[in-house]
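The chain contents come next:
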Amino acid sequence: MAVEIEPSWLEVLGEEFDKDYMVQLRQFLKNEKQAGNKIYPKGGDIFNAFNKTPFDKVEVVILGQDPYHGEHQAHGLSFSVQKGITIPPSLRNIYKELETDILGFVIPKHGDLTEWAEQGVLLLNASLTVQAGMPGSHQKKGWETFTDTVIRKISEKKEGIVFILWGSFAQAKAELIDKTKHHIIKSPHPSPFSADRGFFGSKPFSKTNEILKKEGKKPIDWQIH
């Protein structure tokens, strides 16, 4: 099957697309569409995180759970929404933390995080699709097998990557990461339900930049324009 995914990723993940779980996942998505169920993000955006952040450019991974399930929100990057769409609560809290963590950071007027992705921040959701209005509806259909493989491959083939794991769901993925050669930053999730329990004040963005500098890498410009 031809998959619209950036070539360096295809090299690393190519064999996944022919495995049974992926064949079943494709069939599931096909059936959903035939049943008239609306799926987010649109087909061309499902692998957006990979297309915006090639494998050889990955320096940071921010792990989310599910794409947004509202109209025009999800576009294949975790926590990010398309321009012109109301900034969701978790992202609003991420911006609030950035304002106190990064000197001079100004809260943007939109929630499109493409600028991060283009600097090497892989904005990866554990599930890459969702049914409209039904959070979690595409969990345990095969996407997690695929995205766990993504995390494993990054861990195996790269060095000095910063993994930002917010909340218990993301933190459970730490077992896929070789801690002897990568860095893990953990805190509660930025959601309004948990941000006050330790997300605010956790300074993940300045910590990430300190690590990148120590690794001899370029820090991320977190300011969204």
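Before reading on, note that the structure itself is shown above.
All figures in this text were calculated on a predicted structure; none of them were measured in a lab.

Conventions and cut-offs
Residues numbered from 1 in each chain as written. Predicted model: local features only at pLDDT ≥ 70, side-chain atom pairs only at ≥ 80, totals over all residues. Heavy atoms only, no water. Helix = DSSP H or I, 4+ residues; strand = E, 2+ residues; numbered from the N terminus. Rg over C-alpha atoms; globule rule 2.2 N^0.38 Å. Buried < 20%, exposed > 50% of the residue type's maximum accessible area, 1.4 Å probe, protein only. Contact = heavy atoms within 4.5 Å. Areas by Shrake-Rupley, 256 points an atom, 1.4 Å probe, with all protein chains shown as cover. Lys, Arg positive; Asp, Glu negative; His and termini not counted. Charge placed at Lys NZ, Arg CZ, Asp CG, Glu CD. 1 Å grid on protein atoms, 1.4 Å probe; cavity = no way out; pocket = protein on both sides within 12 Å on 5 of 7 lines; lining within 4 Å. Points joined across faces, edges and corners; volume = space filled by probe spheres on them. Nonpolar A, V, L, I, M, F, W, Y, C, P; charged D, E, K, R; others polar. Salt bridge = Lys/Arg side-chain N within 4 Å of Asp/Glu carboxyl O. Polar contact = N/O pair within 3.5 Å; in protein donor to acceptor, adjacent residues only side chain to side chain. Expected span 1.5 Å × (residues − 1). Pairing = 2+ DSSP bridges.

1. Comments concerning the overall build of the chain
- A tally of regular secondary structure across the chain gives 8 helices and 6 strands.
- Listed by position from the N terminus, the elements making up the chain come as α-α-β-α-β-α-α-β-β-α-β-α-β-α.
- Whereas a compact globule of 225 residues would reach a radius of gyration of roughly 17 Å, the chain reaches 17 Å, a difference of no more than 12%.
- Projected onto its principal axes, the C-alpha coordinates of the chain cover approximately 50 × 35 × 30 Å.
- Evaluated residue by residue, the chain yields a buried proportion of 56% over its 225 residues.
- Taking all contacts inside the chain whose residues are at least 6 apart in sequence as the whole, residues at least 24 apart take part in 67%.
- Counting only carbon and sulfur atoms, one obtains 51% of the accessible surface of the chain, whose full area is about 10,800 Å².
- Of the charged side chains in the chain, 29 are positive and 29 negative, and the gap between their average positions amounts to 3 Å.

2. Overview of the layout of surface pockets
- Looking at the largest pocket, its volume works out to about 530 Å³.
- Lining the largest pocket are 26 residues; nearest its centre among them are Gln 65, Asp 66, Tyr 68, Ser 90 and His 189.
- Where the lining of the largest pocket is concerned, the elements lending two or more residues are β2 (60-64), α4 (89-101) and α7 (167-171).
- Broken down by element, the lining of the largest pocket gets its largest block of residues, 4 residues, from α7.
- Of the residues contributing to the lining of the largest pocket, the split by class is 11 nonpolar, 14 polar and 1 charged.

3. What about the side chain of Lys 158?
- The topology assignment puts Lys 158 in the loop between α6 (143-157) and β5 (162-166).
- Put simply, Lys 158 is tucked away with no salt bridge, and the nearest opposite charge, on Glu 59, sits 5.9 Å away.
- The residues contacting Lys 158, other than those within four sequence positions of it, are Phe 55, Asp 56, Lys 57, Val 58, Lys 153, Lys 181 and His 182.

4. Brief notes about empty space enclosed by the protein
- Under the counting rule described, the total for this entry stands at 1 cavity of 30 Å³ or more.
- Of the residues contributing to the lining of the largest cavity, the split by class is 8 nonpolar, 5 polar and no charged.

5. Side note on the environment of Glu 16
- Inspection of the secondary structure assignment puts Glu 16 in the loop between α1 (7-13) and α2 (20-34).
- A relative accessible area of 3% means that Glu 16 is categorised as buried.
- Glu 16 sits 129 residues away from Thr 145 along the chain, and the two C-alpha atoms are 9.4 Å apart.
- Setting aside chain neighbours within four positions, we find Glu 16 in contact with Tyr 21, Met 22, Phe 146 and Thr 149.
- For Glu 16, the side chain forms a polar contact with the side chain of Tyr 21, separated by 2.6 Å.

6. Some details on α4
- Here α4 spans 18 Å end to end across 13 residues, near enough to the 18 Å set by a 1.5 Å rise per residue.
- Taken residue by residue, α4 has Ser 90, Leu 91, Asn 93, Ile 94, Tyr 95, Glu 97, Leu 98 and Asp 101 as its buried positions.
- Of the surrounding elements, those touching the buried residues of α4 are α5 (114-117), β5 and α8 (204-214).

7. Focus on unusual backbone geometry
- Going from Tyr 40 to Pro 41, the amide bond is cis rather than trans, its omega being -10°.
- The phi torsion at Phe 79 lies on the positive side, around 70°, for a residue other than glycine.
- Structurally, Phe 79 is set in the loop between β2 and α4.
- One non-glycine residue, Lys 203, lies in the positive phi region at around 55°.

8. Structural notes on the pairing of β5
- Across the 5 residues of β5, 5 count as buried, placing the element largely inside the fold.
- Burial of the side chains of β5 extends over both faces: Val 162, Ile 164 and Trp 166 are buried on one face and Phe 163 and Leu 165 on the other.
- Relative to β5, β2 is paired through 4 bridges, and the arrangement is parallel. Its bridge partner being in β5, Val 61 is matched across the sheet by Phe 163.
- The sheet contact formed by β5 and strand β6 (residues 183-187) spans 5 bridges and is parallel. Among the inter-strand pairings, Trp 166 is bridged to a residue of β6, identified as Ser 187.

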